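# A structural walkthrough
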Amino acid sequence: MNKKPSKSLAQELDRYISPFRHDGSGKFHLKDHKTDERGDLDKEKAQAILDSNKRRMIEFQEKLYAQDRWSLLIVFQAMDAGGKDSAIKAIFEGINPQGCEVHAFKAPSSKELDHDFLWRHMIALPERGRIGIFNRSHYEECLVTRVHPEILAKEKLPPKLVTKHIWRERFEDISAFERYLSRNGTVVLKFFLNVSREEQRERFLERLEDPAKQWKFSMDDIKERALWPRYQAVYQDIVRHTATPHAPWYVVPADHKWFARVVIGSVINATLEKLDLRFPRADKASLEEFEQVRQALKKEENGGKKRR
């Protein structure tokens, strides 16, 4: 009897990947994407998948680091209290810190403002064999600066370059930047944690009521919350204009943090599997040299036993 071929990891996890992937083909409307999706899971089942994904990712990352050919850039974008920090903590727990680095991009410094808008992100890119995580990213440069034009004014661009086409031009620049990365061995994964306004309200209240979480709250969060419709419209525009086959967007339902983590971890693992990562093999000359060293070490051991 012929056995059915076993499913690849990507096929196994596809139900938590494909529904949330947008690569620029077809139309995109943010309102069509539910924020409270939980698939066919409950918390217990989700935790089992999360634990399995962690184990797989640890193995993949070790091979990624050893092979030293590919790098992975993971971009997280979300409204305030969208769950970026907790997702990073939960998903990458146990990953070797030598091969993974997180960059949280805040308001640009005066030095950063003296460079082009992609400069500070370029210098933070992961090296080959590494995973780089951007907690907020280059997309802030066509998100916050678009919602708050006064921030754009601080970037000291020549006035004649600040035209009505500037956002379209930035989308083009970002897409070209990500295409360049993909052509040079950096795989780009972009996650928008799609949280509802009501869930954001609940999380803000939780922060205000819990002394251990009050440090996370800022009055600026409430000011930005008042601009919710504007931010949603801009995020929709970002996904529409910068989702491509080589750098797709994953619009992750984020009202249930446990389900968001399943989606994110599944995407990362399925992507790493497709890279066909392997430990490097020694060539014939190296193997011969290793054998000489092995024999010398064994003689050293035997010599020590005779002396005793």
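Because the structure is predicted, anything quoted here is derived from the model rather than measured.

### Here's the deal with the sheet that holds strand β1 (residues 21-22)
Read across the sheet, six strands follow the order β1-β6-β5-β2-β4-β3 without closing on themselves; strand pairing throughout is mixed. Strand pairing shows two members of the sheet lacking a second neighbour, β1 and β3 (100-104), which therefore form its edges. As paired strands, strand β2 (residues 71-78) and strand β4 (residues 131-135) are joined by five bridges and run parallel to one another. Within the sheet, the bridge partner assigned to F76 lies in β4 and is N135.

### Here we look at the environment of L13
With respect to the element layout, L13 can be found in helix α1 (residues 9-13). Discounting residues that sit within four places of it in the chain, L13 has contacts with N53, R56, S266 and N269.

### Quick word on a nonpolar patch on the surface
Together, L157, L161 and V162 make up a nonpolar patch on the protein surface, roughly 220 Å² of accessible area in all. When you line up the elements, L161 lands in the loop between α7 (149-153) and α8 (166-183). Residue classification places L161 among the partly exposed residues on the basis of a relative accessible area of 44%.

### What about the pairing of strand β5 (residues 186-194)?
In terms of burial, β5 is largely enclosed, as nine of its nine residues are buried. Neither face of β5 is exposed, since T186, V188, K190, F192 and N194 on one face and V187, L189, F191 and L193 on the opposite face are all buried. By the bridge criterion, eight bridges tie β2 to β5 in an arrangement that is parallel. Note on β5: the bridge partner recorded for S71 is T186. Across five bridges, the pairing between β5 and strand β6 (residues 249-253) is parallel. Residue N194 lies in a different strand from β6, and its bridge partner there is P253.

### Details of the packing of aromatic side chains
Under the criterion given, the structure shown has nine aromatic pairs. Centroid distance Y16 to F259: 6.4 Å. Interplanar angle 80 degrees. Geometry classified as edge-to-face. Taken together, the residues Y16 in the loop between α1 and β1 and F259 in helix α12 (residues 257-274) connect sequence positions 243 residues apart. Residue class for F259 comes out buried when judged on its relative accessible area of 1%.

### A closer look at the nonpolar core
Nonpolar side chains tend toward joint burial in soluble globular proteins. Among the nonpolar cores identified, the biggest contains 79 residues, and I74, F92, F191, I238, I264 and I268 are the most heavily contacted of them. The element best represented in this core is α12, accounting for 10 residues. In this view, I238 contacts Y139, C142, L143, F171, A243 and W249; residues no more than four positions away in its chain are not counted.

### What about unusual backbone geometry?
Phi angles above zero are rare outside glycine, and A81 is one such case at about 70 degrees. Here A81 shows up in the loop between β2 and α3 (84-91). When its relative accessible area of 8% is taken as the criterion, A81 is described as buried. Phi angles above zero are rare outside glycine, and K156 is one such case at about 60 degrees. Residue position: K156 is located in the loop between α7 and α8.

### Topic: the packing of α8 against helix α11 (residues 228-242)
Contact geometry of α8 with α11 gives a least axis separation of 10 Å together with a crossing angle of 50 degrees. Accordingly, the angle class assigned to the pair α8 and α11 is oblique. Here α8 and α11 pass one another in a crossing that is right-handed. Contacts between α8 and α11 involve F171, S175 and E178 on the former and, on the latter, D237, I238, H241 and T242. Taken together, the residues that form the contact of α8 with α11 break down as two nonpolar, three polar and two charged.

Cut-offs and rules
Residues numbered from 1 in each chain as written. Predicted model: local features only at pLDDT ≥ 70, side-chain atom pairs only at ≥ 80, totals over all residues. Heavy atoms only, no water. Pairing = 2+ DSSP bridges. Helix = DSSP H or I, 4+ residues; strand = E, 2+ residues; numbered from the N terminus. Contact = heavy atoms within 4.5 Å. Patch = residues over 30% accessible without salt bridge, like charges linked within 9 Å, V, L, I, M, F, W, Y side chains within 5 Å. Areas by Shrake-Rupley, 256 points an atom, 1.4 Å probe, with all protein chains shown as cover. Salt bridge = Lys/Arg side-chain N within 4 Å of Asp/Glu carboxyl O. Buried < 20%, exposed > 50% of the residue type's maximum accessible area, 1.4 Å probe, protein only. Phe/Tyr/Trp six-rings, centres within 6.5 Å; stacked < 30°, edge-to-face > 60°. Core = buried A, V, L, I, M, F, W, Y, C linked by side-chain atoms within 4.5 Å. Axes fitted to C-alpha atoms, helices over the stretch in contact; angles between N-to-C directions. Parallel < 35°, antiparallel > 145°, perpendicular 65-115°, else oblique. Left-handed = near helix turned anticlockwise from the far one by under 90°. Nonpolar A, V, L, I, M, F, W, Y, C, P; charged D, E, K, R; others polar.

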